[in-house]
Amino acid sequence: MSTHTRRRLTDAPFLAAATGAVPSRRPVWFMRQAGRSLPEYRELRAGIGMLESCFDPELVCEITLQPIRRHGVDAAILFSDIVVPLKAAGIDLDIVAGVGPVVASPVRTADDVRALPRLRPEEVGAVVEGVRLLVDALGETPLIGFAGAPFTLASYLVEGGPSKNHERTKAMMYADPRTWHALLGALTDITIAFLRAQLEAGVDAFQLFDSWAGALSAADYRAFVMPHSERVFAELADAGVPRIHFGVGTGELLGAMGAAGADVVGVDWRVPLTEAVRRVGAGKALQGNLDPAVLFAGPAAVEEQARRIAREADEAITLGAAGHIFNLGHGVLPDTDPGVLTALVELIHEL
């Protein structure tokens, strides 16, 4: 893999913590740090669709930079969406306000799976150009690449949109495992192609979001999902950058998610970091895990909970975690006061 454009960020606290080195300060960034919580984002996006924004390099660059300027976080994450590589490959879908991704023709048969397109690098050229703009603009701040994991992509394609119970997804998984694995294999190819394009453009790490994996038992995750996530991490290991794995409600899956090949395992707010290190095992960094709702509880509560997580993180490191990156246990909620996030970053940097 070509890495000729990647910067050398030897002093970046985020990269140090992710790779087992001692950071100069406790690093912090937030999932969904760019987005609706920022008035400058809402102003910029006025009248522009979500997917349109994701395929505009200048907008991708500006939106990704906004929380860096405002909050002073230790990493930027590429502004994108889980379904961007599917749209780029030619799958007919849209992001509907108030609903989420909606797929025009759900994928439910072996013929549907065989008809899925593959992703060619030129189809995400706008994303690649956005990464290149960011590499030039970010200075010493690392840039995290972004992709949805095969299972979460599959759940959107099979259900036709967001789902609470994933009935159709699980029905295919249990009743037709051959078609299921063919589907996840095709989506793994798309995910790898999307991330490889970002890596070759210069991202300094990447995060694989398995947003819906928490709907699975540990046994089903290992049998039906883990082999495909393992292939993503294995085929991109040659990039030599930190690989982060995150899901929501995945406390029972933390051991398997760590074993899939990530260097950093994201932890949501339901599991303390001291327990997460036991489940994940020694030698991997942890990321998380403040409940996003705490940000609505006032300064005293935010500080109390942030200090608790910092203490738990330090203990987790003594128990074998390679490092800790402070984050929320899920994304920034839309109505979050940006000033609360800025103050939280300042606090974390002091701890």
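Residues numbered from 1 in each chain as written. Predicted model: local features only at pLDDT ≥ 70, side-chain atom pairs only at ≥ 80, totals over all residues. Heavy atoms only, no water.

- The protein goes by Uroporphyrinogen decarboxylase in an unreviewed UniProt entry, where it is assigned to Nocardia bovistercoris.
- Listed in UniProt under the heading Pathway (unreviewed entry), the comment for the protein reads: "Porphyrin-containing compound metabolism; protoporphyrin-IX biosynthesis; coproporphyrinogen-III from 5-aminolevulinate: step 4/4."
- Its UniProt record, at the heading Function (unreviewed entry), says of the protein: "Catalyzes the decarboxylation of four acetate groups of uroporphyrinogen-III to yield coproporphyrinogen-III." (UniProt positions renumbered as here; feature names shortened; annotations may be inferred.)

Comments concerning the pairing of strand β9 (residues 324-328)
Phase 1: With respect to burial, β9 is a largely interior element, 5 of its 5 residues being buried.
Phase 2: Judged by which residues are buried, β9 turns out to be covered on both faces: His-324, Phe-326 and Leu-328 on one side and Ile-325 and Asn-327 on the other are all buried.
Phase 3: As judged from the 5 bridges shared by strand β8 (residues 285-290) and β9, these two strands associate in the parallel manner. Following the sheet pairing, Gln-287 is matched in β9 by Ile-325.
Phase 4: Running through helix α14 (residues 299-318), the crossover from β8 to the neighbouring parallel element β9 is right-handed. (Buried < 20%, exposed > 50% of the residue type's maximum accessible area, 1.4 Å probe, protein only. Helix = DSSP H or I, 4+ residues; strand = E, 2+ residues; numbered from the N terminus. Pairing = 2+ DSSP bridges. Right-handed = clockwise from strand over helix to strand, strands pointing away.)

Section: the nonpolar core
Phase 1: Of all hydrophobic cores here, the largest spans 126 residues; its most connected members are Leu-183, Tyr-221 and Leu-344.
Phase 2: Looking at this core element by element, the count peaks at 12 residues for helix α10 (residues 177-201).
Phase 3: Among all residues touching Tyr-221, those that are not within four sequence positions of it are Asp-210, Ala-213, Leu-216, Met-226, Ser-229, His-245, Leu-253, Ala-256, Met-257 and Ala-260. (Core = buried A, V, L, I, M, F, W, Y, C linked by side-chain atoms within 4.5 Å. Contact = heavy atoms within 4.5 Å.)

A short note on the environment of Ser-80
Phase 1: You can see Ser-80 is positioned in the loop between β1 (76-77) and α5 (84-89).
Phase 2: Accessibility expressed as a relative area gives 9% for Ser-80, which makes it buried.
Phase 3: Considering only alpha carbons, one finds Ser-80 and Arg-36, 44 residues apart in sequence, at a separation of 14 Å.
Phase 4: With near-sequence residues (within four places) excluded, Ser-80 lies in contact with Met-50, Cys-54, Phe-146 and Phe-194.

What about α14?
Phase 1: Helix length check: α14 (20 residues) gives 29 Å between terminal C-alpha atoms against 28 Å at 1.5 Å per residue, within 8%.
Phase 2: Regarding α14, the residues found buried are Val-302, Ala-306, Ile-309, Ala-310, Glu-312, Ala-313 and Ala-316. Taken down its axis, α14 places every buried residue within 165 degrees of arc, on the same side. Turned more than 90 degrees from where α14 packs its buried face, Ala-300, Glu-304, Arg-311 and Thr-318 sit exposed.
Phase 3: The inward-facing, buried residues of α14 contact α13 (273-280), β8, β9 and α15 (338-350).
Phase 4: Gly-320 sits one or two positions beyond α14 and adopts a positive phi of about 125 degrees. (Expected span 1.5 Å × (residues − 1). Arc of directions from axis to C-beta.)

Focus: the packing of aromatic side chains
Each aromatic ring pair is summarised here by two numbers: the centre-to-centre distance and the angle between the ring planes.
Phase 1: Inspection of the entire model under this criterion finds 7 aromatic pairs.
Phase 2: Plain terms: the ring middles of Tyr-41 and Phe-79 are 5.9 Å apart, the flat faces sit at 65 degrees to each other, and that makes the pair edge-to-face. With Tyr-41 in helix α2 (residues 39-45) and Phe-79 in the loop between β1 and α5, this residue pair connects regions lying 38 residues apart in the sequence.
Phase 3: Given the relative accessible area of 5%, Tyr-41 is considered buried.
Phase 4: Under the relative-accessibility criterion, Phe-79 is labelled buried at 8%.
Phase 5: Here Phe-206 and Phe-233 contribute two aromatic rings whose centre-to-centre distance is 6.1 Å and whose plane-to-plane angle is 15 degrees, an arrangement assigned as stacked. Of this pair, Phe-206 sits in strand β5 (residues 205-209) while Phe-233 sits in helix α11 (residues 218-235); the two residues are 27 residues apart in sequence, bridging distant segments of the chain.
Phase 6: Classification of Phe-233 by relative accessible area gives buried; the value is 0%.
Phase 7: In textbook terms, an aromatic cluster arises when at least three aromatic residues are bridged by ring pairs, as seen for Phe-146, Phe-209 and Phe-246. (Phe/Tyr/Trp six-rings, centres within 6.5 Å; stacked < 30°, edge-to-face > 60°.)

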